[in-house]
Every structure is written in structure tokens, then in C-alpha cells.
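# Topology and contacts: notes
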Amino acid sequence: MQTMLKYFLLVFIPFVSLPLAAQTIKLKTEGSPKYPPFSALPYEQRQQVLATVEAHLNEYALAAPMFDDRQKKVTSEKVTEFQALFNPNAMMVKDYEENIQGELVTLRDYTSGVFNRLDRQGVQVKLGNATLLEIIDDQLGFWVVVVKVDKLIYNYVTEKQEVKINAGGRFLEQEFRFDVPKNDLNRARIARIARICRGKECDVAGDYARYMGLSIGSYLPFVSTSYSDFWQTTANPDNLDVKGEVSFFAGFDFLTNKLSPKASVGKNLFVTAGLHFDYKRFSSTLTGYNIPAFDTLSDVSNQVANGEKLDFLRDPSNTTVEEKLNVAFLKIPLGVGIRMMKKRKAEFLLNFKLVPAFFITNSSGSLTGYGRYDALLPEADWRFLEEGAANTADQAYIPLRVGDSLSINETPSPDFKGFSISAELSPTLYIHLSENNPNWSLLIGLDLNYNLGSFVQFDETNAYLLRYNDEYDKSLAQHYLKGMSNFSAGFRIGLHHHLTTKP
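Residues numbered from 1 in each chain as written. Predicted model: local features only at pLDDT ≥ 70, side-chain atom pairs only at ≥ 80, totals over all residues. Heavy atoms only, no water.

## Side note on the overall build of the chain
Stated precisely, the cut-off is as follows: Put simply, DSSP H or I for four residues or longer makes a helix, DSSP E for two residues or longer makes a strand, and each gets a number counted from the N terminus. The cut-offs for exposure are 20% and 50% of the maximum accessible area for each residue type, with area from a 1.4 Å probe on protein chains only; residues under the lower value are buried, those over the upper are exposed, and the others partly exposed. Contacts between residues were defined by any pair of non-hydrogen atoms, one from each residue, lying within 4.5 Å. Here, Shrake-Rupley sampling with a 1.4 Å probe gives the accessible areas, and only protein chains in the shown set may cover a residue.
Within the chain, the secondary structure is distributed over six helices and 24 strands. The 503 residues of the chain split such that 47% are buried. Restricting to contacts in the chain with at least 6 residues of sequence separation, those with at least 24 account for 74%. Total accessible area on the chain stands at roughly 24600 Å², and carbon and sulfur atoms take up 56% of it.

## Overview of the confidence of the model for the chain
Detailed reading of the predicted coordinates is not advisable wherever pLDDT falls low. Keep this limit in mind: Known as pLDDT, the predictor's per-residue confidence is scaled from 0 to 100.
Overall, the prediction assigns the chain a mean pLDDT of 85, with 88% of residues at 70 or greater. Predicted confidence in the chain is weakest over helix α1 (residues 2-21), with a mean pLDDT of 43, and strongest over helix α2 (residues 43-63), with 95.

## Let's talk about the side chain of Ser426
Defined as follows: Throughout this description, a polar contact denotes any pair of N or O atoms lying within 3.5 Å of each other; where both atoms belong to protein, one of them has to be capable of donating a hydrogen while the other can accept it, and for residues adjacent in sequence the pair is counted only when both atoms sit in side chains.
Within the secondary structure layout, Ser426 lies in strand β22 (residues 419-432). Ser426 sits in the buried class, given a relative accessible area of 0%. Only 3.3 Å separates the side chain of Ser426 from the side chain of Glu424, close enough to count as a polar contact. Every residue in contact with Ser426, bar those within four places of it in the chain, is listed here: Leu349, Leu350, Asn351, Lys353, Leu446, Asp447 and Arg492.

## Let's talk about the nonpolar core
Nonpolar side chains tend toward joint burial in soluble globular proteins. Keep this limit in mind: Definition used in this section: a nonpolar core is a set of buried Ala, Val, Leu, Ile, Met, Phe, Trp, Tyr and Cys residues joined via side-chain atoms within 4.5 Å.
In terms of nonpolar packing, the biggest core is built from 51 residues, with Leu57, Tyr60, Phe82, Phe86, Tyr110, Val145 and Val147 touching the most fellow members. If one sorts the elements of this core by residue count, α2 sits on top with seven residues. In this structure Tyr60 touches Phe82, Leu85, Phe86, Leu127, Lys151, Phe176, Ile190 and Ile193, once residues within four positions along its chain are discounted. Grouped together as the second largest cluster of nonpolar side chains are 30 residues, Ala235, Phe329, Ile408 and Leu481 included.

## Brief notes about the pattern of salt bridges
Side chains bearing opposite charge may pair, as long as their charged atoms lie close to each other. Convention followed: Here a salt bridge means any side-chain nitrogen of Lys or Arg lying within 4 Å of a carboxyl oxygen belonging to Asp or Glu.
On inspection of all chains with the given rule, the structure shows 24 salt bridges. One salt bridge in this structure joins Lys151 and Asp95, with 2.8 Å as the shortest N-O distance. Of this pair, Lys151 sits in strand β7 (residues 142-157) while Asp95 sits in the loop between β4 (86-93) and β5 (104-106), placing them 56 residues apart in sequence. Each member of the pair, Lys151 together with Asp95, is buried. Where Asp459 meets Lys474, a salt bridge forms, and the shortest distance between an N and an O atom there is 3.8 Å. Separated by 15 residues along the polypeptide, Asp459 in the loop between β23 (439-451) and α6 (476-480) and Lys474 in the loop between β23 and α6 bring together distant segments of the chain. The exposure class of Asp459 is partly exposed, given its relative accessible area of 24%.

## Describing the pairing of strand β18 (residues 346-359)
Quick note on the threshold: Any two strands between which DSSP finds at least two bridges are classified as paired.
Note: strand β16 (residues 313-331) against β18, three bridges, orientation antiparallel. In the sheet register, Lys331 faces β18, and the bridge partner there is Ala357. Note that strand β17 (residues 334-342) and β18 share eight bridges and pair antiparallel. Within β18, the position partnered with Met341 by the bridge is Phe348. Linking β17 back to β18 in an antiparallel pair, the connection comprises three residues. Looking at chain direction, β18 and β22 are connected through 13 bridges and run antiparallel. Pairing of Leu349 across the sheet is with Thr428, part of β22.

## What to know about unusual backbone geometry
The residue Asn318 is not glycine, and still its phi comes out positive at about 50°. Inspection of the secondary structure assignment puts Asn318 in strand β16. At Lys474, a position not held by glycine, the phi torsion is positive, near 65°.

## Observations regarding the packing of aromatic side chains
Any aromatic ring pair is given by two values, namely how distant the centres are and how the planes are angled relative to each other. What counts here: When two rings of Phe, Tyr or Trp (its six-membered ring) have centres within 6.5 Å they constitute a pair, described as stacked for plane angles under 30 degrees, edge-to-face for angles over 60, and tilted for the intermediate range.
Inspection of every chain in the model, using the stated rule, returns 20 aromatic pairs. Judged by centre distance (6.3 Å) and plane angle (70°), the ring pair of Tyr60 and Phe86 falls under edge-to-face. With Tyr60 in helix α2 and Phe86 in strand β4, the pair connects residues that are 26 residues apart, well separated along the chain. Here Tyr60 matches Phe86 in class, with each residue buried. Here the aromatic rings of Phe329 and Phe359 are separated by 6.3 Å at their centres, their planes lie at 65°, and the arrangement is edge-to-face.

## Things to note about the sheet that holds β5
Note the threshold: Every angle, taken between N-to-C directions, lies between 0 and 180 degrees, and every axis is a line fitted to C-alpha atoms, over only the stretch in contact when it is a helix.
Read across the sheet, seven strands follow the order β1-β6-β7-β8-β9-β4-β5 without closing on themselves; strand pairing throughout is mixed. With one partner strand each, in any of the chains shown, β1 (27-28) and β5 form the two edges of the open sheet. Relative to β5, helix α4 (residues 107-117) is tilted by about 85°, and along the sheet it contacts β4, β5, β7 and β8 (163-181).

## Some remarks on the pairing of strand β9 (residues 189-195)
Across three bridges, β4 lies against β9 in parallel orientation. Counterpart to Met91 in the pairing with β9 is Arg192. Summarising the sheet, β8 and β9 pair through six bridges and their orientation is antiparallel. Of the residues in β9, the one forming a bridge with Gln174 is Arg195.

## A closer look at the environment of Leu466
Along the chain, Leu466 turns up in the loop between β23 and α6. Distance in space between the C-alpha atoms of Leu466 and Ile408 is 8.8 Å, their sequence separation being 58 residues. Leave out the neighbours within four places in its chain, and Leu466 touches Leu286, Ile291, Pro316, Thr319, Val321, Leu367, Tyr373, Ile408, Glu471 and Tyr472.

## A word on the environment of Asn449
Within the fold, Asn449 resides in strand β23. Taking C-alpha positions, Asn449 is 5.7 Å from Ala423, a pair spaced 26 residues apart along the chain. Apart from the residues within four sequence positions on either side, Asn449 is in contact with Val355, Ser422, Ala423, Glu424, Asn486, Phe487 and Ser488.

In C-alpha cells:
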């Protein structure tokens, strides 16, 4: 059937196009058109302006199909001839589409659509009545001539990019605006072609749109912390710095405006849902950390030298460690989006979401660094790390677990809340990779997320960590903080399947 239609079009179109091109347009001035006063535009010059516009309309009628009868196709030469009738920044309605919207496109967009989608037919159009509405005195040095033009268009492109024939022609009323330079009344250029609406006939309900697909992203959390009372009274809070590291996520998203009423115009309200795997990374740096010397009497089981228990004062100081913490979450972003821009090749949405997050795996990470651990015997006025006080290589001193720079190498295991929630603002641009329906769209987005609470359980403890180089429990953050929130900014990119349907 499609093959027969193609042969029909190849035979039918040349016979149609020739009579269409042979038309002659007369500009009517009946009724009550608005003119500038004769003091600005004398009668003779007015007639010259109208004659120029009428001649230009006839040139448009010949060039509008952009179809080369000899080559039987739309050619770049014919497109160039058509474009020469317009101002470079002219805007016009896409009247060759099945569902004509009120949106105006650039001259280049219009001709590209004809060249790519009607390449074997061109725009089969016939101009009818052309009626003068107004001549406007433009302060930029032009007479702007406004003309109502009746059109019949005999072919059109469907949403599925199929070319259809309307044997009787689709009737359109359009407003043409011509710029005629005041210093050259024999020259005119078309500045605008728009659709004229009667009542609500142009209130075209927007299409339903659906996006679905995968995306990946990276973001940086900016952390705000509050320290435990114990830490603030026993240490310098500046010695502990908690910050976010570059983190990553990947997931699936779905957006639709299908819930909008059929009667609503634009249908710019979307609902969105998704499922993301989030890999969040934090680091805590502890520098120059000193612990008051303490008696090891309660720890004598670990302090044996030469087979005898030894009670001494332990003096940890200058402890410097970095704790890295990696946490995996499953996130379910839910929210609404507002379409701020809709163009032929792109759409821009502003999405507002609440993002529940569920802790799904054990954390991973490391604690690495070093510390200075000394031993003191006040009664003997003896300090292990004092120069000449002891032979540090002596095996007898190993149970004291002291040294000038003992290595610290541990694994954090904090307690996590099973659930947290955040608020997110996501400006998102969809760039359509083709004009087909459906098509694929490139997603480029910015994610601004504020976590409303901490995902770490905090301990209100009065105990020191790292009194020994292996005395470590859970994590620095859990032990020495009582609150943590984070704001993150990230970049997201993805590929989404885009489908539009009529209400």
C-alpha cells in the first residue's frame, strides 16, 4: 500500500504543483485598513509600497513549495530562493504539520523541516485572498505592511513523519508582515508569518509527553556538622574536619504529564518517579589530636614487660588520621516537574522532588594515620620517648605499645539509620536527537539536594578514641559528632526515550 501511495504521489504532485505555481495574487485594500497619515506616507508612496508588497506576495507564491519540477524534489537552490524573500531573523508558523501549533520557529527551522520531511513533494500550497490590514510606521526605518492571506495546503506531515495528502486542501488564515525600507520602497522582506485564530479554534491542547530512561551523575556533598558536648569540652573542634568527597549515582527515571486534564493547554505539569543507586563518600580528618595522660592500671593485662605487670601513665599525642567512609543507598525520587520551555528540538523542565533513601549495604572505608604514644613513670622520673631513656628496639618494651610515630590502620563500621529523606531541585534539559515520534533525547541536568537529617547514628559518649593505636570503634563521626546535614550539587547526564501522544 505504501509503495502504491509513493507512485501516486510522484505522478500526482507534478500535476498539482504546476497550477499552484501559476496563480496571481492581487492585494485587496477594501474594508478599513489602517494607514499612516499622508504627512508621513503620501498617497503616491503608499501605492508604491502596496505594489511592492503585492509583487513580493507573488514571488512568495512561486517559491513557497521549494520544489524543483525538473529534479522532482526539494533542492537547496529552491530553499535558498525561498529564504531570500525573508529577513534573516524572520519567524513563522510550521503550517505543513498535521497539528499546527501557535509556536513560531525560525526561518532556518521551517526550511529544514521542509527539506528533510517533504523532500519529494515540497509544500503544496495555494494562496487565495490577500487583504491589507495595516501599514505601521516603524521607527527603525521601515513601513511594516500587515496582510491577511488565505492559504490552502494540500499535503502535511503527521506526528509519525508520514506525508499525507488532503485533496481539498486545508484552509488557513495567516498574518504576513512585510518590512519595506523607507529609503527603498521597491524592496520588501517578510518578517513574520503567523496563524490567525478565530475564537478558540487555535487553542490547541498540548501533547501528552513521556520520558523514561537511564542516567548517571556525580555530585559533591557540602557537610555541616555539630560536635558532641564531650568533644567541645575536651578538644579543639577545629582539629576534626568532616567533608564530602565526590560521589556517584546511577538509576532510572520516569516523567509524564498524562495526569493533566485533556482540556488544559500546554500540559506543562509533570509527575516524576525514579529508582537510583547512590554511592556517597565522606572523609573525616583528625589532626594534632592530644589525649590527657591516663593511668594504665585498668589496662595492665595489655601491659606486660619481662613477664611482670607494669602500671604506668600513657601519654597519646599528635594523633593524625584520615577516615574515609563510603555508603550505598537506594533512593526513590518522587515529585513534580514544570515545563518551562518547549521547542522543536529541546524541552526544559524544573523538577521538585522528595527523595527517600534506604541504607542497603554495609559501609566500606578505612582509617589510616599515625600517633605519638609515650609511657611515663612519674615516681622514677622516666619517660620512654625521652632521649636516652630507653632502647626502643628492646623487645621487652614491645608490650608497652609505645613509639614516636605508631601506624594506625583500622576499618570504620558506623551505625546507619535505615531511612533518611532529602529535598531536591533539578533543572533538566532534554535535547531531542531527532524529530521522529517516538525519539531519543539527551538529558542534561543539575541536581541540588539538601538532606534533611543525618544518615549516621551518633553516640553521646564521654570516652576517647585512639588511646592506643588500635583502640577504635565505629567511626570518628559517630563518636565525636551529634549532628550532620549536607547540601550537594551535582551534574547528571542520560539517554531517555521520548514519546508524545494526543489527548
